[in-house]
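Notes for the structure review
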Amino acid sequence: MTRSTTAGHLPADPQRRYWLRAGLTSAAAVALAPAAGSAAPAAVTAAGRTTDLLRLDLNESSYGPSPRVGPALERALAEAPRYVSAAQLQALQSQIATLEGVAPEQVIVGEVLEALGQHLALNQGAGGFIYSVPGYGALVDAARPFGGRAVEVPLNARLENDLPALLAAIAPDTRALFVVNPHNPSGTLGPGAEFDRFVTAAQARTLVIVDEAYLDYREDAATLSAVRLLRQGQNVVVFRTLGKIHALAGLQVGYALVPAALAEALRQRGVGGAHAQNQLSLAAASAALADPAHVAQVRRSVAAERQHWQQVLSGLRLRSTEAAGNFVFVDTGHPHAVVAARLLQQGVRIARVFAPYDTWVRITVGTPAENRRAQQALRSVLAQLGKAQNGAAA
C-alpha cells in the first residue's frame, strides 16, 4: 500500500526509509518501522487471499511523529547504557511547564493515570471513582484492588459526558471524578463554558481529573483545556498522552499537570521519578513537543479526513457522533461482532465493542489511502449484510 503524496501527509516512501532519511540510521529505525501500515501483520480475506492488516482500532496516528524525533532518538541511543538523570527529567519538566504555563514542580512525566488511581485509593482509602460509561477506565480499574469503587454514569442522549449526572454522583466518599474530553469512544466534546462551570463546581467537592488525550485535534485546544482552571488554583489534574497526535504510542510517554501538593505526594510515592523514565521516551517527547508545526499539520490532515468520513457515513445514511478526535463513532445498525469480523476478513481491524452501544463501531481516522480502503470495506460489508437481511425477510 502506498501513501498519499498530498501536501500535509507523510512522504510516499515506506516508513523505514522515511526515518532513515530523517537521520535515524541504526536499530531505532527498525524499531519504529513496524508502526507503518506496510509492515502490518497479514489478514486473510474471505476469498483466502492475504492483505496487509489495516489497524484502525486503537486511535494511533498513521501520520508518524515529527521529523525531529528520528534524530533525537539517534542521539539518545548513545545514552542507552545510562539511567535517566534527575537533570534530564527536570529539563523535560521545564519544557512542558513553559508550554503549559504551570510551575515545573506541577509536571509529572509518564503515562501516569494508573499510578494516580492507585495513589488516590491507597492514600485516601476506599471510596468512589466517578466516570462516564462506556469510557476509558484505566484510572478507575487501577484503583479497584486498593478499595476504589467504580461509580458509572451513562452518556447522555447525544453520547456526551452527562455533566449534570456526573456532578450529582459526587458523594462524601468520592475520591475523584474522572472525565475524558473529548470523550472516548464517542468523540464528543464538552461545550466550553458549560464544561468550565462543571469542572469548577465539581472540584470544590472532589479532585477532578480531565484526560485530554484527543484535545490536540482541536484548533482551539488552548482555550478549551482545563489547564486554565489548574492555573487558577483549582483542584484539577490534566492528563495528556503523546501517543495520539504526536504518534509516540509505542514509546509510552505522556504527562500530568497537577496541583503542587498532589504532585509532591506522587513524587514521594515514586510516581514520575527519573527511575521511571527511559532515554528514548524522554528524547522523543522533547523533540515532539518542540515541533508545533508538525502537530498543526497532522491536525489539519485528520480534520479533513474526519470530515470526509462524516460525508461517507451520511451518504450511507448512518447515524454518527460529531467526533472531535482522530476517530469516528457510527451506528451501523448491525451487531458489532458481525461488522468487525467481516471488516477483519477484508483486512481492516476496528475497535472493540463499547456496551451498551452494541451496533456502534469506532474507527480510527488514518491517512487518505487508509481511509479510502476502510470506507470501501465498510460499504462492502454493509451491502453484504443488507442483502442477507433482505433475503431473510423474503
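The structure this text deals with has already been given above.
Residues numbered from 1 in each chain as written. Predicted model: local features only at pLDDT ≥ 70, side-chain atom pairs only at ≥ 80, totals over all residues. Heavy atoms only, no water.

**Details of the overall build of the protein**
Looking only at helices and strands, the protein has 15 helices and 14 strands in total. Buried residues in the protein amount to 55% of all 394 residues. Taking the intrachain contacts of the protein between residues at least 6 apart in sequence as the baseline, contacts between residues at least 24 apart amount to 72%. Of the accessible surface of the protein, which amounts to about 16,700 Å², a share of 53% is contributed by carbon and sulfur atoms. (Helix = DSSP H or I, 4+ residues; strand = E, 2+ residues; numbered from the N terminus. Buried < 20%, exposed > 50% of the residue type's maximum accessible area, 1.4 Å probe, protein only. Contact = heavy atoms within 4.5 Å. Areas by Shrake-Rupley, 256 points an atom, 1.4 Å probe, with all protein chains shown as cover.)

**Brief notes about the sheet that holds strand β11 (residues 319–320)**
On the basis of which strands lie adjacent, the open sheet formed by three strands has the order β11-β12-β14 and antiparallel pairing. One side of each edge strand has no neighbouring strand; the edge strands of this open sheet are β11 and β14 (360–364). Here β11 runs beside strand β12 (residues 327–331); their pairing, made up of two bridges, is antiparallel. Bridging from a neighbouring strand, arginine 319 pairs with aspartate 331 of β12. Contacting β11, β12 and β14, helix α13 (residues 292–315) runs over the sheet at an angle of about 15 degrees to β12. (Pairing = 2+ DSSP bridges. Axes fitted to C-alpha atoms, helices over the stretch in contact; angles between N-to-C directions.)

**What about the nonpolar core?**
The nonpolar side chains of a soluble globular protein tend to be buried with one another. Among the nonpolar cores identified, the biggest contains 44 residues, and Ile96, Val107, Leu177, Phe198, Leu242, Leu248 and Leu257 are the most heavily contacted of them. Examining the composition of this core, we find that six residues originate from one element, helix α12 (residues 279–289), more than from any other. Discounting residues that sit within four places of it in the chain, isoleucine 96 has contacts with Val107, Val109, Tyr255, Leu257 and Leu289. Counting residues in hydrophobic clusters, the runner-up holds 30 residues, among them Leu56, Trp309, Leu343 and Ala374. (Core = buried A, V, L, I, M, F, W, Y, C linked by side-chain atoms within 4.5 Å.)

**Details of helix α4 (residues 86–100)**
For α4, spanning 15 residues, the distance from its first C-alpha to its last is 21 Å, which sits close to the expected 21 Å at 1.5 Å a residue. Among all positions in α4, only Leu89, Leu92, Gln93, Ile96, Ala97 and Glu100 are buried. Buried residues along α4 cover an arc of 140 degrees about the axis, so they all sit on one side. Away from its buried face, by an angle of more than 90 degrees, α4 presents the exposed residues Ala87 and Thr98. Elements in contact with the buried residues of α4: β4 (107–109), α10 (227–231), β9 (236–241), β10 (254–257), α11 (260–268) and α12. One or two residues past the end of α4 sits glycine 101, with phi positive at roughly 75 degrees. (Expected span 1.5 Å × (residues − 1). Arc of directions from axis to C-beta.)

**Describing the environment of glutamate 370**
Within the secondary structure, glutamate 370 sits in helix α15 (residues 368–393). Residue glutamate 370 is classed as buried on the basis of its relative accessible area, which comes to 3%. Residues glutamate 370 and valine 348, spaced 22 residues apart in sequence, show a C-alpha to C-alpha distance of 9.3 Å.

**Here's the deal with the sheet that holds strand β6 (residues 148–154)**
The mixed open sheet is built from seven strands, whose spatial order is β4-β10-β9-β8-β7-β5-β6. The open sheet has two edge strands with one neighbour each: β4 and β6. If you compare each strand with its neighbour and ignore which way they point, the axes differ by 20 degrees on average. Of the pairings in the sheet, the one linking strand β5 (residues 127–133) to β6 comprises seven bridges and is parallel in character. Across the sheet, the residue bridging to glycine 128 is arginine 149, located in β6. On the sheet, α11 packs against β4, β8 (207–211) and β9 and is oriented at approximately 30 degrees with respect to β4.

**Considerations on the pattern of salt bridges**
A side chain of one charge can pair with a side chain of the opposite charge if their charged atoms are brought near each other. Summed over all chains, the structure comprises nine salt bridges. Residue arginine 240 pairs with glutamate 100 through a salt bridge whose shortest N-O separation is 2.6 Å. Of this pair, arginine 240 sits in strand β9 while glutamate 100 sits in helix α4, and the two are 140 residues apart along the sequence. Of the two residues, arginine 240 and glutamate 100, both sit in the buried class. Across the pair arginine 228 and aspartate 196 runs a salt bridge, and its minimum N-O distance is 2.9 Å. Within this pair, whereas arginine 228 is found in helix α10, its partner aspartate 196 is found in helix α8 (residues 192–203), the two being separated by 32 residues in sequence. Members of the salt-bridge network, linked through shared partners, are Glu100, Glu212 and Arg240. (Salt bridge = Lys/Arg side-chain N within 4 Å of Asp/Glu carboxyl O.)

**Notes on the packing of aromatic side chains**
Enumeration according to the criterion identifies six aromatic pairs in this entry. Residues tyrosine 214 and phenylalanine 327 carry aromatic rings whose centres are separated by 5.1 Å and whose planes lie at 75 degrees to one another, so their mutual orientation is edge-to-face. With a gap of 113 residues between them, tyrosine 214 in the loop between β8 and α9 (221–224) and phenylalanine 327 in strand β12 connect regions that are remote in the sequence. Among the residues examined, tyrosine 214 registers a relative accessible area of 4% and is labelled buried. We classify phenylalanine 327 as buried; its relative accessible area is 0%. Members of the aromatic cluster, connected to one another through ring pairs, are Phe329, Phe354, Tyr357 and Trp360. In this structure, arginine 362 packs its charged tip against the face of phenylalanine 327, placed 5.7 Å from the ring centre. (Phe/Tyr/Trp six-rings, centres within 6.5 Å; stacked < 30°, edge-to-face > 60°. Lys NZ or Arg CZ within 6 Å of the ring centre and 35° of its normal.)

**A word on unusual backbone geometry**
Looking along the chain, the bond that leaves asparagine 181 and enters proline 182 is cis, with omega of 0 degrees. You can see proline 182 is positioned in the loop between β7 (174–180) and α8. In the segment running from alanine 355 into proline 356, the intervening peptide bond is cis, with an omega of 10 degrees. Mapping proline 356 onto the fold places it in the loop between β13 (348–350) and β14. Phi is positive for leucine 159, which is not a glycine, with a value near 60 degrees. Following the sequence through the fold, leucine 159 ends up in the loop between β6 and α7 (163–168). Classification of leucine 159 as buried rests on a relative accessible area of 3%. Of note in the backbone geometry, alanine 247 takes a positive phi value of approximately 60 degrees without being a glycine. The exposure class assigned to alanine 247 is buried, which follows from its relative accessible area of 16%.

Read these as spatial facts, not as claims about activity.
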